[in-house]
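These are the residues of each chain, in order.
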Amino acid sequence: MRMMYAFLSVLLGFALVYGAYRWRVRDGAFTKTHTIDVSGDRVRIEVRDTMLGRAQGLSGRTSESLGEDDGMLFVFASSSDYGFWMKDMLFEIDIIWIGEEKVAEEKWDDAGSGVTTKMKIVSISENAAPEPEKSLMSLTIYHPAAPVAYVLEVHAGTAARNGWKAGDEVKF
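Parameters and conventions
- Residues numbered from 1 in each chain as written.
- Predicted model: local features only at pLDDT ≥ 70, side-chain atom pairs only at ≥ 80, totals over all residues.
- Heavy atoms only, no water.
- Helix = DSSP H or I, 4+ residues; strand = E, 2+ residues; numbered from the N terminus.
- Contact = heavy atoms within 4.5 Å.
- Areas by Shrake-Rupley, 256 points an atom, 1.4 Å probe, with all protein chains shown as cover.
- Buried < 20%, exposed > 50% of the residue type's maximum accessible area, 1.4 Å probe, protein only.
- Phe/Tyr/Trp six-rings, centres within 6.5 Å; stacked < 30°, edge-to-face > 60°.
- Salt bridge = Lys/Arg side-chain N within 4 Å of Asp/Glu carboxyl O.

We now examine the overall build of the chain. The secondary structure content of the chain amounts to three helices and seven strands. In sequence order, the chain lays out its α and β elements as α-β-β-α-β-β-β-β-α-β. Here the contacts in the chain between residues at least 6 apart in sequence split such that 71% fall between residues at least 24 apart. Carbon and sulfur atoms make up 57% of the accessible area of the chain, which amounts to about 10,700 Å² in all.

Structure (structure tokens):
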């Protein structure tokens, strides 16, 4: 009987710690933040580079939880045609699809010529709106015009306000 109480105590303790951890993650307490440059505009970003973080994204958050010049950057291990939806979203966003472009450049040192990777906006899905009336299977799925390794979500209208367009450079 004592063994069962000890087991239940450990299980309850684990559940409380895990619940507190999940609550803190959801509220952004363990969020990695950085600043990037999108076509000359500085954007403070929260980075989502894990499967769980990418799945959660901005879902369930209010527009006030994301500053006017803030965004969320989704980082993937390789370039692909990733689809994004507005499941559990509470506000409209612009989805900035960012791809890698290999650029050959001449170097004027002993290293000779080389290849540099530059990040460029591939396409923009502007004013993606929540669809609370739709079922899970009927939600709109947004895709980039070409494979991407990064996706930036910002408030709707940010891309137009800043004049961002396909081909603009993104610096990390």
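The phi dihedral of S39 is positive, around 50°, even though this residue is not glycine. In this fold, S39 is placed in the loop between β1 (32–38) and β2 (41–48). Exposure remark for S39: the relative accessible area of 32% places this residue in the partly exposed category. For D88, which is not glycine, the phi torsion reads 60° and is therefore positive. By the element assignment, D88 lies in the loop between β3 (70–80) and β4 (93–105).

It is worth spelling out the packing of aromatic side chains at this point. The final tally for this structure, using the stated rule, is five aromatic pairs. Considering the side-chain rings of F84 and W97, the 5.5 Å spacing of their centres and the 85° angle between planes classify their relative orientation as edge-to-face. Here F84 is found in the loop between β3 and β4, whereas its partner W97 is found in strand β4, with 13 residues between them in sequence. Comparing F84 with W97, the two get one shared label, buried. Between the aromatic rings of Y150 and F172, the centroid separation amounts to 4.7 Å while the plane-to-plane angle is 85°, which identifies the pairing as edge-to-face. One end of the pair, Y150, is in strand β6 (residues 148–155); the other, F172, is in the segment after β7 (169–171), with 22 residues separating them in the sequence.

Before going further, it helps to spend a moment on the environment of V38. Looking at the secondary structure, you find V38 in strand β1. Judged by relative accessible area, which is 0%, V38 ranks as buried. A sequence separation of 134 residues divides V38 from F172, and the C-alpha atoms of the two residues are 8.8 Å apart. In contact with V38, other than residues within four places in its own chain, are V43, I121, L152, W164, E169 and V170.

This part covers the pattern of salt bridges. Within this structure, the stated rule accounts for eight salt bridges. Residue D88 pairs with K87 through a salt bridge whose shortest N-O separation is 2.8 Å. Judged by its relative accessible area of 30%, K87 is partly exposed. It is possible to trace a salt-bridge network through shared partners that takes in E46, R48 and R61.

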